[in-house]
Amino acid sequence: MTAPTPAAHAWADERGRLLGIAYRMLGDFGLAEDVVSEVAIEALRQERDGAAPVRSWPALLTTICVRRSIDLVRGLAASREEYTGHWLPEPVATSRLPEEAVADREMLSIALLHVAEQLAPETRAAVVLHRAFGMTAGEIGEILERSPAAVRQLISRGERRLRIDPEADAPRSLARDDLARLVEAIGSGDVAGVTALLAPDAILWADGGGQVRSALNPVFGADRIARFFVGILQKAAREASREAAWEASWEAAPSSIGAVLIDVNGEPSIALRLSGRTDILGIEADANGRITGLRQIGAPAKLRFAFPA
């Protein structure tokens, strides 16, 4: 058996970290896997050509990965602007993510991946590499071909846009007990109970990808969000009662609604069963544990990796 070359060996060692970088840049796990495969091809090509000695294979692989991701983000901008409804990131079951990708869960949540779409590609890269992978401004500058001072400006600008406190710990996800209360309140039709868990200015975004019914525009305000969820889930429950039976994996869910807690993108989320379809509901909370943002992802093409294999 032929021994792996230095490039192949380095790529195998770095694959999980590279996938974590590409996914945080793209918000699309399938595309991130494609980028990481392209990194391997390019590294082997450079090794074969031998035009210049490689001082550090991990550094070169990271550079190729980031630059390919930046190019792809630019190319995706137009298609995402024309997307039917609101574009949200592709959720990934935490168990499907490589350990290296979730070792530091910074910039991994559905909420931050969504908001990061507002950033310019280079700014997003700088924030991802610094926050999630602990790279210095100098190291990032070599990848982006910027001075350390310019990179520090990119990081500062990106953190302000994402409302990240550079001195604070990573924000905590909503506690499982609070998520369970939300599921129970929605399932029982308790509008007041749902509203009590939401901040007054909470926002709901939904992504059906033009393939399933969903809210095309954001829903603003705790009361409107509560009534929206109670309404659609009670309707789904009525339709479900006419079906023969629920699958065995959903038997433990409340009878009026198909819902379970799952781990997605390194944090607890909700899987909702709605009239034969399953949506992922990502939750964003403030420091006081009140829900400020909900992201409902129902586009079938985006749920390929949402559940454990």
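Basis of the calculations
- Residue numbers run consecutively from 1 along every chain, following the written order of its sequence.
- Owing to the predicted nature of the model, reporting of local features is limited to residues with pLDDT of at least 70; listing and counting of side-chain atom pairs is limited to 80 or more, with chain, interface and lining totals taken over all residues.
- Side-chain numbers come from the whole structure's heavy atoms, not from hydrogens or water.
- UniProt positions are given in the numbering used here, feature names are shortened, and annotations may be inferred rather than shown by experiment.
- For helices, the fitted axis covers only the stretch in contact; all axes are lines through C-alpha atoms, and the angles between them, taken along N-to-C directions, range from 0 to 180 degrees.
- Helix numbering and strand numbering both begin at the N terminus, where a helix is a DSSP run of H or I of at least 4 residues and a strand a DSSP run of E of at least 2.
- Should an angle fall under 35 degrees it is called roughly parallel, over 145 degrees roughly antiparallel, and 65 to 115 degrees roughly perpendicular, with every other angle called oblique.
- In this analysis, two residues are considered to be in contact whenever any of their non-hydrogen atoms come within 4.5 Å of each other.
- Basically, the charged four are Asp, Glu, Lys and Arg, the nonpolar ten are Ala, Val, Leu, Ile, Met, Phe, Trp, Tyr, Cys and Pro, and anything else, Gly included, counts as polar.
- The buried label goes to any residue with under 20% of its type's maximum accessible area, the exposed label to any with over 50%, and the partly exposed label to all in between, with areas taken from a 1.4 Å probe on protein chains only.
- Definition of nonpolar core: a set of buried residues of the types Ala, Val, Leu, Ile, Met, Phe, Trp, Tyr and Cys, connected through side-chain atoms within 4.5 Å.
- The span you would expect from a helix comes to 1.5 Å times its residue count less one.
- We call two N or O atoms a polar contact when they sit within 3.5 Å, provided that within protein one can donate a hydrogen and the other can accept it, with sequence-adjacent residues counted only if both atoms are side-chain atoms.
- The aromatic pairing rule takes the rings of Phe, Tyr and Trp, using the six-membered ring of Trp, and pairs them if the centres are within 6.5 Å, calling planes under 30 degrees apart stacked, those over 60 edge-to-face and the rest tilted.
- The quantity called pLDDT is the predictor's confidence in a given residue, expressed from 0 to 100.
- For two strands to be treated as a pair, DSSP must find at least two bridges joining them.
- Note that the arc is computed from the directions linking the helix axis to the C-beta atoms.

As annotated in an unreviewed UniProt entry, the protein chain is RNA polymerase sigma-70 factor (ECF subfamily) from Microbacterium resistens. The protein chain has a UniProt comment under Sequence similarities (unreviewed entry) that states "Belongs to the sigma-70 factor family. ECF subfamily." Quoted verbatim from the Subunit (unreviewed entry) field of the UniProt record, the comment on the protein chain reads "Interacts transiently with the RNA polymerase catalytic core formed by RpoA, RpoB, RpoC and RpoZ (2 alpha, 1 beta, 1 beta' and 1 omega subunit) to form the RNA polymerase holoenzyme that can initiate transcription."

Peer 1: For this particular structure, what's the right way to read the packing of helix H6 (residues 121–133) against helix H8 (residues 148–162)?
Peer 2: Helix packing for two helices is described by the angle between their axes and how far apart those axes are. In contact at an axis separation of 8 Å, H6 and H8 are set at 90° when each is read in the N-to-C sense. With respect to their mutual orientation, H6 and H8 come out roughly perpendicular. Counting all contacts with H6, which are made through Glu122, Thr123, Ala126, Val127, His130 and Arg131, the residues of H8 involved are Leu154, Ile155, Arg157, Gly158, Glu159 and Leu162. Of the residues that constitute the contact of H6 with H8, the class distribution is five nonpolar, three polar and four charged.

Peer 1: Even after reading the chapter, I still don't get the environment of Arg157, so can you show me in this structure?
Peer 2: Tracing the chain through its elements places Arg157 in helix H8. On the basis of relative accessibility, which here comes to 42%, the residue Arg157 falls in the partly exposed class. Separated by 34 residues in the primary sequence, Arg157 and Thr123 place their C-alpha atoms 7.7 Å from one another.

Peer 1: Teacher, can you tell me more about the nonpolar core here?
Peer 2: Where a protein is soluble and globular, its nonpolar side chains tend to be buried together. One finds Met25, Val66, Met107, Ile140, Leu144 and Leu162 to be the most contacted residues of the largest nonpolar core, which totals 52 residues. Broken down by secondary-structure element, the contributors of at least two residues to this core are helix H1 (6–26), helix H2 (29–49), helix H3 (57–81), helix H5 (110–115), H6, helix H7 (137–144) and H8. Ignoring any residue separated from it by four or fewer positions in sequence, one finds Leu144 in contact with Val66, Ile70, Glu122, Ala125, Ala126 and Leu154.

Peer 1: Teacher, can you tell me more about H2 here?
Peer 2: Every α-helix carries 3.6 residues per turn, so stepping three or four residues along brings you back to the same face. A rise of 1.5 Å per residue sets the reference length of H2, with its 21 residues, at 30 Å; its end C-alpha atoms lie 30 Å apart and thus fit the reference within 8%. The set of residues buried in H2 consists of Phe29, Gly30, Ala32, Val35, Val36, Val39, Ala40, Glu42 and Ala43. Tucked inside the fold, the buried residues of H2 contact H1 and H3. The distance from a side-chain oxygen at the start of H2 to the backbone nitrogen of Gly30 is 3.1 Å, and the residue carrying that oxygen is Asp28. Positive phi shows up at Gly50, right after H2, with a value of about 60°.

Peer 1: Help me understand the packing of aromatic side chains, please; the structure alone is not making it clear to me.
Peer 2: Geometrically, a pair of aromatic rings is defined through the distance of the ring centres and the angle of the planes. On inspection of all chains with the given rule, the structure shows three aromatic pairs. Geometrically, the ring pair formed by Tyr23 and Phe29 is edge-to-face, given 5.7 Å between the ring centres and 80° between the ring planes. Since its relative accessible area comes to 3%, Phe29 is described here as buried. Consider the rings of Phe29 and Phe305, whose centres lie 5.1 Å apart with planes at 70°: the pair is edge-to-face. Residue Phe29 is located in helix H2, and its partner Phe305 is located in the segment after strand S6 (291–297); the two are separated by 276 residues in the primary sequence. Accessibility assignment for this pair places Phe29 and Phe305 in one class, buried.

Peer 1: Any chance you could explain the confidence of the model for the protein chain here in plain terms?
Peer 2: Regions with low pLDDT carry predicted coordinates that are not meant to be interpreted in detail. Confidence in the prediction for the protein chain averages 86 pLDDT; 88% of positions are at 70 or higher. Model confidence for the protein chain, summarised as mean pLDDT per element, is weakest for helix H11 (residues 222–240) at 77 and strongest for H7 at 97. For the stretch residues 244–256, pLDDT sits under 50, and the model shows 18 contacts to residues farther than four places along the chain or on other chains.

Peer 1: Help me understand the side chain of Lys302, please; the structure alone is not making it clear to me.
Peer 2: Take Lys302: it is sitting in the segment after S6. Since its relative accessible area comes to 10%, Lys302 is described here as buried. Here the side chain of Lys302 touches Asp207 through a polar contact of 2.5 Å, side chain to side chain.

Peer 1: Explain the pairing of strand S1 (residues 198–207) here, please?
Peer 2: Two faces make up the sheet, and in a regular strand the side chains alternate between them. Here S1 lies mainly inside the structure; eight of its ten residues are buried. By the bridge criterion, six bridges tie S1 to S6 in an arrangement that is parallel. Residue pairing for S6: Ala206 is matched across the bridge by Gln296. With two bridges connecting them, S1 and strand S2 (residues 219–220) associate as antiparallel partners. Following the sheet pairing, Ile203 is matched in S2 by Phe220.

Peer 1: How do you make sense of H7 when you look at a structure like this?
Peer 2: When H7 is considered as a whole, its buried residues turn out to be Ala137, Ile140, Gly141, Ile143 and Leu144. In an axial view of H7, the angular spread of the buried residues amounts to 160°, which keeps them on one side of the axis. In this structure, the buried residues of H7 make contact with H3, H6 and H8. Two residues or fewer past H7, Glu145 is found with a positive phi of approximately 60°.

Peer 1: Any chance you could explain the packing of H7 against H8 here in plain terms?
Peer 2: Their axes nearest at 8 Å, the elements H7 and H8 cross at an angle of 100°. Accordingly, the angle class assigned to the pair H7 and H8 is roughly perpendicular. In contact with Ala137, Gly138, Ile140, Gly141 and Leu144 of H7, H8 contributes Pro148, Val151, Arg152, Leu154 and Ile155. Taken together, the residues of the contact of H7 with H8 break down into seven nonpolar, two polar and one charged.

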